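# Residue-level structural notes
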Amino acid sequence: DDAEAETMARRLAEVVTAPGERTELELAMRTRAGGTRHVVWSVGPLRTADGTDLGLLAIGQDITRHKELERDLAASERRYRTLVETTHDLYWVLEAAPAPAGETLTADALFTHGRIGFLNRAFAGHDRTALQERRPDDLAAFFLPDSWRTFREGCAQALAAVAPVYQVGTEHPGPTSGARP
């Protein structure tokens, strides 16, 4: 691509004219077989001890697999986001308020001072502008009172545990009530 070649030439010229400077370039390159490889180049001037220019020193690292993994991860995240947005289950992310240095996050602090960072469309509705104004305790409306208390206790246990606790048993009314795998 001509624009990419011009960008590379311009950046290489900048390296040559800047004394002692080194730069990194990320470029897509064509292979002889017609494929594309993504390479990060570390390029710097090659000079003698008295500063005489001898040329450039360039070291390239093939990051094609890294780029493929980034693309696959982005696609997976899009699929997951679609799943979360279309589920009839309640799905949320609670974000803690910044805690003073050295203090451990507690469930009480999370539910009192935290915020709902994400609430799926099935429960938040299409207007998410008020989401920043909602507090974690607002989620109690989706639970039966005993279930909300059990959930809060489970969160406290999870935050206090050495090993993460991934499932907290609660019962909630709705289309997916019942045992969880």
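Residues numbered from 1 in each chain as written. Predicted model: local features only at pLDDT ≥ 70, side-chain atom pairs only at ≥ 80, totals over all residues. Heavy atoms only, no water.

## Remarks on the overall build of the chain
Regarding its fold elements, the chain presents 5 helices and 5 strands. For the chain, the N- to C-terminal ordering of α and β elements is α-β-β-β-α-β-α-β-α-α. Classification of the 181 residues of the chain by burial places 18% in the buried group. Long-range pairs, those at least 24 residues apart, make up 39% of the contacts in the chain with a sequence separation of at least 6. Here the chain displays about 12900 Å² of accessible surface, and carbon together with sulfur accounts for 55% of that area. (Helix = DSSP H or I, 4+ residues; strand = E, 2+ residues; numbered from the N terminus. Buried < 20%, exposed > 50% of the residue type's maximum accessible area, 1.4 Å probe, protein only. Contact = heavy atoms within 4.5 Å. Areas by Shrake-Rupley, 256 points an atom, 1.4 Å probe, with all protein chains shown as cover.)

## Topic: the sheet that holds strand β1 (residues 23-30)
Read across the open sheet, the 3 strands follow the order β1-β2-β3; overall the sheet is antiparallel. Where the open sheet ends on each side, the last strands, each with one partner, are β1 and β3 (53-62). Along the sheet, successive strands turn relative to each other by an average axial angle of 35°, direction set aside. Sheet topology places β1 next to strand β2 (residues 36-47); 8 bridges connect them, and they run antiparallel. Along β2, the bridge assignment pairs Arg30 with Thr36. (Pairing = 2+ DSSP bridges. Axes fitted to C-alpha atoms, helices over the stretch in contact; angles between N-to-C directions.)

## Thoughts on a nonpolar patch on the surface
Judged by side-chain polarity, Leu46, Leu54, Leu57 and Ile59 come together as a nonpolar surface patch covering roughly 400 Å² of accessible area. Ranked by the residues each element gives to the nonpolar patch, the list is headed by β3, at 3 residues. (Patch = residues over 30% accessible without salt bridge, like charges linked within 9 Å, V, L, I, M, F, W, Y side chains within 5 Å. Salt bridge = Lys/Arg side-chain N within 4 Å of Asp/Glu carboxyl O.)

## Looking at the nonpolar core
If you look at the biggest cluster of nonpolar residues, it comprises 13 residues, and the most contacted ones within it are Trp92, Leu94, Phe111, Leu119, Leu139, Trp148 and Phe151. When neighbours within four sequence positions are excluded, Leu94 is seen to be in contact with Leu110, Phe111, Arg115, Ile116, Pro136 and Leu139. (Core = buried A, V, L, I, M, F, W, Y, C linked by side-chain atoms within 4.5 Å.)

## So, helix α5 (residues 145-160)
Between its first and last C-alpha atoms α5 spans 23 Å; for 16 residues at 1.5 Å apiece the expected length is 22 Å, and the two agree. Against β4 (92-95) and α3 (107-113) lie the buried residues of α5. (Expected span 1.5 Å × (residues − 1).)

## Regarding helix α2 (residues 64-86)
For α2, which comprises 23 residues, the first-to-last C-alpha distance of 33 Å matches the rise-based estimate of 33 Å (1.5 Å per residue) to within 8%. The inward-facing, buried residues of α2 contact β2, β3, β5 (115-119) and α4 (121-124).

## Looking at the packing of aromatic side chains
Two aromatic rings are characterised by how far apart their centres lie and by the angle between their planes. Scanning the model with the defined rule gives 5 aromatic pairs in all. Between Phe111 and Trp148 the ring centres are 5.5 Å apart and the planes differ by 90°, which places this aromatic pair in the edge-to-face class. Linking Phe111 in helix α3 with Trp148 in helix α5, this pair joins segments that are 37 residues apart in sequence. Residue Phe111 shares its accessibility class with Trp148, and that shared class is buried. Of the aromatic side chains, those joined through ring pairs into one cluster are Phe111, Phe143, Trp148 and Phe151. (Phe/Tyr/Trp six-rings, centres within 6.5 Å; stacked < 30°, edge-to-face > 60°.)

## Observations concerning the pattern of salt bridges
Within the structure shown, the criterion is met by 10 salt bridges. Across the salt bridge formed by Arg71 and Asp72, the nearest N and O atoms sit 3.4 Å from each other. Relative accessible area serves as the criterion here: at 37%, Asp72 is assigned to the partly exposed category. A salt bridge links Asp108 to Arg152; the shortest N-O distance between them is 3.0 Å. Note that Asp108 is positioned in helix α3 and Arg152 in helix α5, a separation of 44 residues in sequence.

## A closer look at the confidence of the model for the chain
Counting all residues, the mean pLDDT for the chain is 77, and 80% of those residues have values of 70 or more. Here helix α1 (residues 2-17) stands out as the least confident element of the chain, with mean pLDDT 71; α2 is the most confident, with 89. Low pLDDT, under 50, characterises residues 164-181; the predicted model gives this stretch 19 contacts beyond four residues in sequence or across chains. (pLDDT = per-residue confidence, 0-100.)

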